[in-house]
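# Examining the three-dimensional arrangement
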Amino acid sequence: MKRLYTLIAILLIILSVAFVNQKTQSKPKHNMPVVGVLTLLHHPALDQIYDGFVKEMAKQGYYKDKNYKLEYQNAQGDQSNLEIMSKKLVNMSPDILVGITTPASQSLAHATSSIPIVLGAVTNPKKAGLVANNDHPNTNISGVSDQAPVEEQLKLVKKLMPKNAKVGIIYTSNDSSAVTEHDLFVKMAKKYHVNLKSYSIANSNDLNQVSQKMLNEVDAVIVPTDNTIAGAMQTLVKNADAVRKPIFPAVDTMVKQGGLATYGINQNYLGVLIARLVVDILKGKKKIATTPIQYVRHGIPILNLKKANQLGIKIPVDFLKESIKEGEVFE
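Rules used in this analysis
- Residues numbered from 1 in each chain as written.
- Predicted model: local features only at pLDDT ≥ 70, side-chain atom pairs only at ≥ 80, totals over all residues.
- Heavy atoms only, no water.
- Helix = DSSP H or I, 4+ residues; strand = E, 2+ residues; numbered from the N terminus.
- Expected span 1.5 Å × (residues − 1).
- Buried < 20%, exposed > 50% of the residue type's maximum accessible area, 1.4 Å probe, protein only.
- Arc of directions from axis to C-beta.
- Contact = heavy atoms within 4.5 Å.
- Salt bridge = Lys/Arg side-chain N within 4 Å of Asp/Glu carboxyl O.
- pLDDT = per-residue confidence, 0-100.
- Phe/Tyr/Trp six-rings, centres within 6.5 Å; stacked < 30°, edge-to-face > 60°.
- Polar contact = N/O pair within 3.5 Å; in protein donor to acceptor, adjacent residues only side chain to side chain.
- Core = buried A, V, L, I, M, F, W, Y, C linked by side-chain atoms within 4.5 Å.
- Axes fitted to C-alpha atoms, helices over the stretch in contact; angles between N-to-C directions.
- Parallel < 35°, antiparallel > 145°, perpendicular 65-115°, else oblique.
- Left-handed = near helix turned anticlockwise from the far one by under 90°.
- Nonpolar A, V, L, I, M, F, W, Y, C, P; charged D, E, K, R; others polar.

What follows deals with helix H2 (residues 44-59). For H2, which comprises 16 residues, the first-to-last C-alpha distance of 22 Å matches the rise-based estimate of 22 Å (1.5 Å per residue) to within 8%. Within H2 the residues assigned to the buried category are Ala45, Leu46, Ile49, Tyr50, Gly52, Phe53, Glu56 and Met57. The arc that holds every buried residue of H2, seen down its axis, measures 160°, which confines them to one face. Exposed residues on H2 whose side chains face more than 90 degrees from its buried face are Lys55 and Lys59. The secondary structure elements touched by the buried residues of H2 are strand S1 (34-39), strand S2 (69-74), strand S3 (96-100), helix H8 (227-231), helix H10 (252-256) and helix H11 (267-282). Looking one or two residues beyond H2, the residue adopting positive phi is glycine 61, at roughly 95°.

Okay, structure coming up:
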């Protein structure tokens, strides 16, 4: 009987080893680190983030297709593509994933709870349901917030507009990043006594009609961090130009496209910060679960001087000098 028990024990050990080996072999082995990137769509701000990411990876010694593999997926603004692309990236068993925009990051989070995910262009990861706490993620997700310096932006609007100006803010109602910043603007508007009125859209198809209505009721427009509006910025600019009213966007690319001015986060720099975190995780210097969400607290001054001249808006000398010295000026 003892001999039988011994044989059974040996058989169980052999089967256990075989199972472990089979499980180990089922996961593809890579000869270099694999990084998967998913973004919602092409527009200048998001493209700058990706460009900054790729260039900083190279500066950190990671050269695409030489010592790491980069798999890039773009949903082209189609939400249904995100689920397909997320599963495709996860099935490649990458070492790390990068989500650019809130929808892309949420799709990756639904696809895996084990592969590290680094966020980019997500204003409030907690509100988006991606982390339990922005300071203590305690999950497989962390990253870099693109929350704009709302207080600086509102002070600038107040500085450049007449004292009793009516200001509209337009945002996408189902974009958690846009909603977060809208709520901050509303709070700050009360603090600084700015007459602010809110307008929302469900998708880019609404922008033309809603913005025309808004521009008939206000003297200037604020656009928070909002990928839907950023992707259709020319529609908003066309309507604002028709009634000669300024737009104060969240980012430099939107100022360049026809906005007037802002204090914005350099989108390229967001990509740099994402790459640095990715490298730290790949090298084992940081653990994703204990890495707080990073924020860029101060924006750089950005001015479209050509637009100011077209609208007949006089730019204060101090802001002009600051933009020339520390930020960007489009002429």
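Further remarks concern the pattern of salt bridges. Should their charged atoms come close, side chains of opposite charge can pair. By the definition in use, this model includes ten salt bridges. For the salt bridge of lysine 87 with glutamate 83, the shortest nitrogen-to-oxygen distance reads 3.2 Å. Of this pair, lysine 87 and glutamate 83 both sit in helix H3 (residues 79-91), separated by four residues, roughly a single helical turn. We note a salt bridge from aspartate 241 to lysine 307, for which the minimum N-O separation is 2.9 Å. Taken as a pair, aspartate 241 in helix H9 (residues 233-242) and lysine 307 in helix H12 (residues 305-311) lie far apart in primary sequence, 66 residues in all. A relative accessible area of 6% places lysine 307 in the buried class. Sharing partners across several salt bridges, the network here consists of Lys197, Lys213 and Glu217.

In low-pLDDT segments, the atomic positions of the prediction should not be examined closely. Confidence in the prediction for the protein chain averages 91 pLDDT; 91% of positions are at 70 or higher. Within the model, pLDDT remains below 50 along residues 17-28, and this stretch shows two contacts once partners closer than five positions in the same chain are excluded.

For helix H6 (residues 176-191), which comprises 16 residues, the first-to-last C-alpha distance of 23 Å matches the rise-based estimate of 22 Å (1.5 Å per residue) to within 8%. Among all positions in H6, only Ser176, Ser177, Ala178, Val179, Thr180, Glu181, His182, Phe185, Met188 and Ala189 are buried. Check the buried side of H6 and you find it contacts helix H4 (102-111), helix H5 (150-160), strand S6 (166-172), strand S7 (195-201) and strand S8 (220-222). Among the residues trailing H6, histidine 193 stands out with phi positive, at a value near 55°.

Attention now moves to the packing of aromatic side chains. If you walk through the whole model with that rule in mind, you get three aromatic pairs. Both rings, one in tyrosine 263 and one in phenylalanine 319, keep their centres 5.7 Å apart while their planes meet at 70°; by these two values the pair is edge-to-face. One end of the pair, tyrosine 263, is in strand S10 (residues 261-264); the other, phenylalanine 319, is in helix H13 (residues 317-326), and 56 residues separate them in sequence.

A few words now on the side chain of serine 177. Among the secondary structure elements, serine 177 is positioned in helix H6. Here the side chain of serine 177 touches threonine 123 through a polar contact of 3.1 Å, landing on its backbone nitrogen. When neighbours within four sequence positions are excluded, serine 177 is seen to be in contact with Thr102, Ala121, Val122, Thr123 and Thr225.

In this structure, Val35, Phe53, Val98, Val118 and Val278 are the most contacted members of the largest nonpolar core, which totals 47 residues. It is H11 that contributes the most residues to this core, eight residues altogether. Ignoring anything within four residues of it in the chain, the contact list for valine 278 reads Val35, Phe53, Met57, Ile96, Val98 and Val118. One finds Leu160, Val167, Tyr192 and Ile222 within the second-largest nonpolar core, a separate group that totals 28 residues.

Moving on, we get to the packing of H2 against H11. Taken N-terminus to C-terminus, the directions of H2 and H11 make an angle of 40°; their axes are 6 Å apart at the nearest point. When the axes of H2 and H11 are compared, the pair comes out oblique. Crossing hand, H2 versus H11: right-handed. Each of Ala45, Gln48, Ile49, Asp51, Gly52, Phe53, Glu56 and Met57 in H2 lies in contact with H11, whose residues at this interface are Gln267, Asn268, Leu270, Gly271, Val272, Ile274, Ala275, Arg276, Val278 and Val279. By residue class, the composition of the contact of H2 with H11 is ten nonpolar, five polar and three charged.

Glancing now at the packing of H3 against H4. Between H3 and H4, the shortest axis-to-axis distance is 9 Å and the interhelical angle comes to 45°. Considering the angle they form, H3 stands oblique to H4. In terms of crossing hand, the pair formed by H3 and H4 is right-handed. Across the interface between the two elements, Gln79, Leu82, Glu83, Ser86, Leu89 and Val90 of H3 pack against Pro103, Ala104, Ser107, Leu108 and Ala111 of H4. Each residue belonging to the contact of H3 with H4 can be placed in one class, and the counts come to seven nonpolar, three polar and one charged.

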